[in-house]
Amino acid sequence: MYDQEIIQKTEGYAKSVLQGESSGHDWWHICRVRNLAVHIGREEKADLYVVELTALLHDIADYKFHNGDESIGPKTARAWLEKQKAGEELILHVCEIIKDISFKGAKVETPMRTLEGKVVQDADRLDAIGAIGISRVFAYAGAKGNEIHNPDIPFKINSSFEQYKQKSTAINHFHEKLLLLKDRMNTETAKKIAEKRHKIIEEYLKHFLLEWDGIDY
Ligand code: ADP
Ligand code: NI
């Protein structure tokens, strides 16, 4: 059952933790993912309470900012939900989605068991492509001390999560992840949105490389 009070408190919690974060995993990323997830969830007839709550908590503690600790996200979400006296079934569902949500490499499958998980994963991935996606890649690269582009470093099609987690340039991240996302959307609603956003990043990359080679004049 939809609990407005828990949603409101969780919104305040996510905002207090992620406000002002500068790698593209800030409060406004959470807001956009929540709005997209609710939109997709409504179209796909998912449980909107699980969808909204998970969208709010999905980046509350990311392995990328906690020495690669993959258990930190579900653990932090569980501690918060237990404090709110949420039911165990709901906690298990939200934490399972958070555990499974991340992209882990071109050749690594990241299946989602439930419709709500598919919806939140799609919304999170849509925010990684399109105009906003472009800005987030460079924000992340800057925050991590990675280069914008280095043609001496070839991009890899990663076949393990360990390989994917290694340092990369912003432009290589497009090839290692972002250009692959449109074909990894779970829902029909997200597939349509992804088509549009995919074209934007393709066009952007084309111009980036033309300018890089000095032939775009
Ligand atoms: P996921 O859970 O799939 O990692 P997030 O919501 O945490 O998704 O956001 C991931 C976003 O962080 C990417 O889409 C990109 O914008 C940025 N990012 C992650 N890794 C890199 C990288 N190596 N280089 C540049 N940007 C990155
Ligand atoms: Ni996210």
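*Asks:* Hey, could you run me through the packing of aromatic side chains in this one?
*Replies:* The relation between two aromatic rings is expressed through the spacing of the ring centres and the mutual angle of the planes. Evaluation of the coordinates by the stated rule reveals twelve aromatic pairs. When the centroid spacing of 5.3 Å and the interplanar angle of 75 degrees are considered together, the rings of Tyr-63 and Phe-161 count as edge-to-face. Separated by 98 residues along the polypeptide, Tyr-63 in the loop between helix 3 (48-57) and helix 4 (72-83) and Phe-161 in helix 8 (residues 161-164) bring together distant segments of the chain. On the basis of relative accessible area, Tyr-63 is assigned to the buried category, the value being 10%. You can call Phe-161 buried: its relative accessible area is 11%.

*Asks:* Which parts of the structure should I look at to understand the pattern of salt bridges?
*Replies:* Counted under the stated rule, the structure contains 15 salt bridges. Arg-34 is the partner of Glu-52 in a salt bridge, and the nearest nitrogen-oxygen pair spans 2.9 Å. Within this pair, whereas Glu-52 is found in helix 3, its partner Arg-34 is found in helix 2 (residues 27-44), the two being separated by 18 residues in sequence. Here the two residues Glu-52 and Arg-34 agree in accessibility, since each one is buried. Glu-82 is paired through a salt bridge with Arg-78; the nearest N and O atoms lie 2.8 Å apart. Of this pair, Glu-82 and Arg-78 are both found in helix 4, four residues apart, which corresponds to roughly one turn of the helix. With relative accessibility at 23%, the residue Arg-78 sits in the partly exposed group.

*Asks:* Which parts of the structure should I look at to understand the coordination of the nickel ion (ligand 2)?
*Replies:* Geometry sets the ideal angles at a metal, namely 109.5 degrees for four tetrahedral donors and 90 or 180 degrees for six octahedral donors. Note on the nickel ion (ligand 2): its protein donors are His-29 (NE2), His-58 (NE2), Asp-59 (OD) and Asp-124 (OD). The metal-donor distances range over 2.1 to 2.2 Å. Counting along the primary sequence, the residues that act as donors to the nickel ion (ligand 2) give the motif H-x28-H-D-x64-D. Of this pair, His-29 sits in helix 2 while Asp-124 sits in helix 6 (residues 115-126), and the two are 95 residues apart along the sequence. Of the two residues examined, His-29 and Asp-124, each falls in the buried class.

Each value, and the rule that gives it
Think of each chain on its own: its residues are numbered from 1, step by step along the sequence as written. A letter from A marks each chain and a number from 1 marks each ligand, given out in the order of writing. Where local features are concerned, this predicted model is filtered to residues with pLDDT of at least 70; where side-chain atom pairs are given and counted, the filter is 80 or more; whole-chain, interface and lining totals use all residues. Side-chain calculation: all heavy atoms of the structure are included, whereas hydrogens and water are not. Aromatic rings from Phe, Tyr and Trp, taking only the six-membered ring of Trp, are treated as a pair when their centres fall within 6.5 Å; an angle between ring planes under 30 degrees marks them as stacked, one over 60 as edge-to-face, and anything in between as tilted. Think of it this way: any DSSP run of H or I at least four residues long counts as a helix, any run of E at least two long counts as a strand, and we number them from the N terminus. Remark: exposure states derive from per-residue accessible area (1.4 Å probe, protein chains only) relative to the maximum for the residue type, with buried under 20%, exposed over 50%, and partly exposed in between. The salt bridge criterion pairs a side-chain nitrogen of Lys or Arg with a carboxyl oxygen of Asp or Glu, the two atoms within 4 Å. Coordination here is defined by N, O and S atoms within 2.8 Å of the metal (3.2 Å for Na, K and Ca), and since water is not considered, a site can look incomplete.

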